[in-house]
Amino acid sequence: MKLGRLNHIGVATPSLEASIAYYRDVMGATKIHEPFDMPSNGVKVCFVDTPGENGTAGTQIELIEPLGADSPIHGFIAKNPAGGQHHMCYEVPDIHEARTWFEGLGKKVLGDTRIGAHGTLIFFVHPKDMNGVLTEIMETPKEGAAH
Ligand SMILES: CC[C@@H](C(=O)O)C(=O)SCCNC(=O)CCNC(=O)[C@H](O)C(C)(C)COP(=O)(O)OP(=O)(O)OC[C@H]1O[C@@H](n2cnc3c(N)ncnc32)[C@H](O)[C@@H]1OP(=O)(O)O
Ligand SMILES: [Co+2]
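Bear in mind that the values here come from a model prediction, so they are computed numbers and not experimental data.

**Considering the pattern of salt bridges**
For step 1, the next point in the chain: Under the defined criterion, the tally for this structure stands at 4 salt bridges.
For step 2, the next point in the chain: The residue D25 makes a salt bridge to R24 at a minimum N-O spacing of 2.9 Å.
For step 3, the next point in the chain: With a relative accessible area of 54%, D25 lands in the exposed category.
For step 4, the next point in the chain: R24 gets classed as partly exposed once you look at its relative accessible area, which sits at 43%.
For step 5, the next point in the chain: Of the charged contacts, one joins E103 and R99 as a salt bridge, the two residues approaching to 2.9 Å between their closest N and O atoms. Taken together, the positions of E103 and R99, both in helix α3 (residues 95-104) and 4 residues apart, correspond to about one turn of that helix.

Spelled out as structure tokens, the structure:
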């Protein structure tokens, strides 16, 4: 497998509202997307854009707040009540090939391959198998698709 673009850095927060204010007022973010719920992934989500080259979008910050009793980030927020850096997400051209690659290396893939916040397929690999970093792999959105 070949390492793709860093699509987003997931940042867990107990309050999307407070984190949005921080990125707007302290970090000077000028493009903050409308928050939305993703019950299928147990989180409320808000993307903050960082600028890329030549007017393109750069890597995003994905703010995530627990949603529902089974949210996968309840444990993280319990250990880090103020929130913090939660996962890194890399793009790949073929999600199924990528999953086979990580499984072939004996890495623990968490749950099913499923639709993520950008509308393409994603999966997660356990931080204990990834140098301490919870790693999300997502299929690159098709050109022109919502980003
Ligand atoms: C918006 C949709 C989607 C997108 O499209 O972008 C998303 O990003 S959804 C984001 C939220 N979803 C997920 O994170 C799904 C995958 N995660 C999980 O399944 C769990 O969070 C987990 C990784 C299995 C952790 O579960 P948890 O119950 O919190 O903890 P454990 O007790 O099992 O933890 C074991 C071990 O791992 C350490 N840990 C936990 N989380 C992280 C982390 N984010 N980064 C680094 N390390 C982490 C934890 O501290 C434990 O360590 P020890 O205490 O040393 O055993
Ligand atoms: Co993510």
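**Topic: the packing of aromatic side chains**
For step 1, the next point in the chain: Per the counting criterion, the structure on display carries 2 aromatic pairs.
For step 2, the next point in the chain: Measuring from centroid to centroid gives 5.0 Å for Y22 and Y23, while their planes differ by 80°, and the two rings are edge-to-face.
For step 3, the next point in the chain: Residues F102 and F123 carry aromatic rings whose centres are separated by 6.1 Å and whose planes lie at 70° to one another, so their mutual orientation is edge-to-face. Placement of the pair is F102 in helix α3 and F123 in strand β7 (residues 121-125), with a sequence separation of 21 residues.
For step 4, the next point in the chain: Taking the relative accessible area as the measure of exposure, F102 reaches 6% and is therefore buried.
For step 5, the next point in the chain: Sitting above the plane of the F123 ring, R99 keeps its charged end 5.9 Å from the centroid.

**What about the layout of surface pockets?**
For step 1, the next point in the chain: Estimated volume of the largest pocket: approximately 520 Å³.
For step 2, the next point in the chain: In terms of lining residues, the largest pocket is bounded by 23 residues, among which P72, I73, H86, F124 and L134 are the most central.
For step 3, the next point in the chain: Listing elements by their share of the lining of the largest pocket, those giving two or more residues are β3 (43-51), β4 (57-66), α2 (74-79), β5 (84-92), β6 (109-115) and β7.

Definitions and cut-offs
- Residues numbered from 1 in each chain as written.
- Chains lettered and ligands numbered in written order.
- Predicted model: local features only at pLDDT ≥ 70, side-chain atom pairs only at ≥ 80, totals over all residues.
- Heavy atoms only, no water.
- Salt bridge = Lys/Arg side-chain N within 4 Å of Asp/Glu carboxyl O.
- Buried < 20%, exposed > 50% of the residue type's maximum accessible area, 1.4 Å probe, protein only.
- Helix = DSSP H or I, 4+ residues; strand = E, 2+ residues; numbered from the N terminus.
- Phe/Tyr/Trp six-rings, centres within 6.5 Å; stacked < 30°, edge-to-face > 60°.
- Lys NZ or Arg CZ within 6 Å of the ring centre and 35° of its normal.
- 1 Å grid on protein atoms, 1.4 Å probe; cavity = no way out; pocket = protein on both sides within 12 Å on 5 of 7 lines; lining within 4 Å.
- Points joined across faces, edges and corners; volume = space filled by probe spheres on them.

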